[in-house]
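# Survey of secondary and tertiary structure
Residue strings, one per chain:
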Amino acid sequence: MKQIIDTAARYSATVVGPVPLPIDIKKYTVNRAAFIDKDSREQFEMRIHKRMIDILNPAPKVIEALTNIDLPSGVSIDVKMM
């Protein structure tokens with residue numbers, strides 16, 4: 001997230017955010033034993049945290065820089081023009 005804000009600030013774009021969005025929680029229940037013990041189960045959950053960053057009046061260089069930014073694994077960026 002810091003890389004995205006720094007990239008936008010480098011081209012003197014106005015940044016609003018980051019705004020935290022609701023967390024998506026996906027829960028999975030798995031039987032511990034394959035056959036007999038139906039009452040013995042394990043539960044796992046995966047939490048997906050999302051943030052929204054608005055860049056007001058971006059220049060074409062800002063959009064190009066954001067689409068080419070190198071982010072760590074598990075982090076993605078969606079650039080939407082409105």
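Heads up: these notes are all about the structure in this document. (Residues numbered from 1 in each chain as written. Predicted model: local features only at pLDDT ≥ 70, side-chain atom pairs only at ≥ 80, totals over all residues. Heavy atoms only, no water.)

## Quick look at the overall build of the chain
Put simply, the test is: Numbering goes from the N terminus for both helices and strands, where a helix is a DSSP run of H or I of at least four residues and a strand is a run of E of at least two. Just to be clear, the radius of gyration here is over C-alpha atoms, and the globule rule we use is 2.2 Å times residues to the power 0.38. Here's how the labels work: a residue is buried when its accessible area is under 20% of the maximum for its type, exposed when over 50%, partly exposed in between, all with a 1.4 Å probe on protein chains only. A contact between two residues is defined here by any heavy atoms of the two lying within 4.5 Å.
The helix and strand inventory of the chain stands at two helices and four strands. Ordered by position in the sequence, the α and β elements of the chain form the string α-β-β-β-β-α. Computed over the C-alpha atoms, the radius of gyration of the chain is 20 Å, more than 25% above the 12 Å expected from 2.2 N^0.38 for a compact globule of 82 residues. Counting only residues that meet the buried cut, the chain has 11% of its 82 residues in that class. Taking the intrachain contacts of the chain between residues at least 6 apart in sequence as the baseline, contacts between residues at least 24 apart amount to 53%.

## Topic: the pattern of salt bridges
Operational definition: What counts as a salt bridge is simple: a side-chain nitrogen of Lys or Arg found within 4 Å of a carboxyl oxygen of Asp or Glu.
Scanning the entire structure with this criterion turns up three salt bridges. Residue Asp6 pairs with Lys2 through a salt bridge whose shortest N-O separation is 3.6 Å. With Asp6 and Lys2 both in helix H1 (residues 2–10), this residue pair falls four residues apart, about one helical turn. On the basis of relative accessibility, which here comes to 61%, the residue Lys2 falls in the exposed class. The partner of Glu45 in a salt bridge is Arg47, and the shortest N-O contact between them spans 2.8 Å. Judged by relative accessible area, which is 46%, Arg47 ranks as partly exposed.

## Digging into the nonpolar core
Grouped burial of nonpolar side chains is what soluble globular proteins tend to show. Using the following cut-off: Think of a nonpolar core as a cluster: buried Ala, Val, Leu, Ile, Met, Phe, Trp, Tyr and Cys residues, connected wherever their side-chain atoms sit within 4.5 Å.
Judged by nonpolar contacts, Ile4, Ala8, Ala13, Val62, Leu66, Ile69 and Leu71 together constitute the single largest core of seven residues. Looking at this core, the elements with two or more residues in it are H1 and helix H2 (60–67). Apart from residues no more than four positions distant in its own chain, Ile4 is found in contact with Ile53, Leu66, Ile69 and Ile77.

## Here we look at H2
Test applied: Each C-beta atom gives one direction from the helix axis, and the arc is the one those directions make.
Taken together, the buried positions of H2 are Val62, Ala65 and Leu66. Buried positions in H2, seen along its axis, are confined to an arc of 100° and lie on one side of it. In H2, the exposed positions that point more than 90 degrees away from the buried face belong to Pro60, Lys61 and Glu64. Tucked into the core, H2 has its buried residues touching H1 and strand E4 (51–56).

## A look at unusual backbone geometry
With an omega of 10°, the peptide bond between Gly17 and Pro18 qualifies as cis. Within the secondary structure, Pro18 is located in strand E1 (residues 14–20). The residue Ser12 is not glycine, and still its phi comes out positive at about 55°. Here Ser12 shows up in the loop between H1 and E1.

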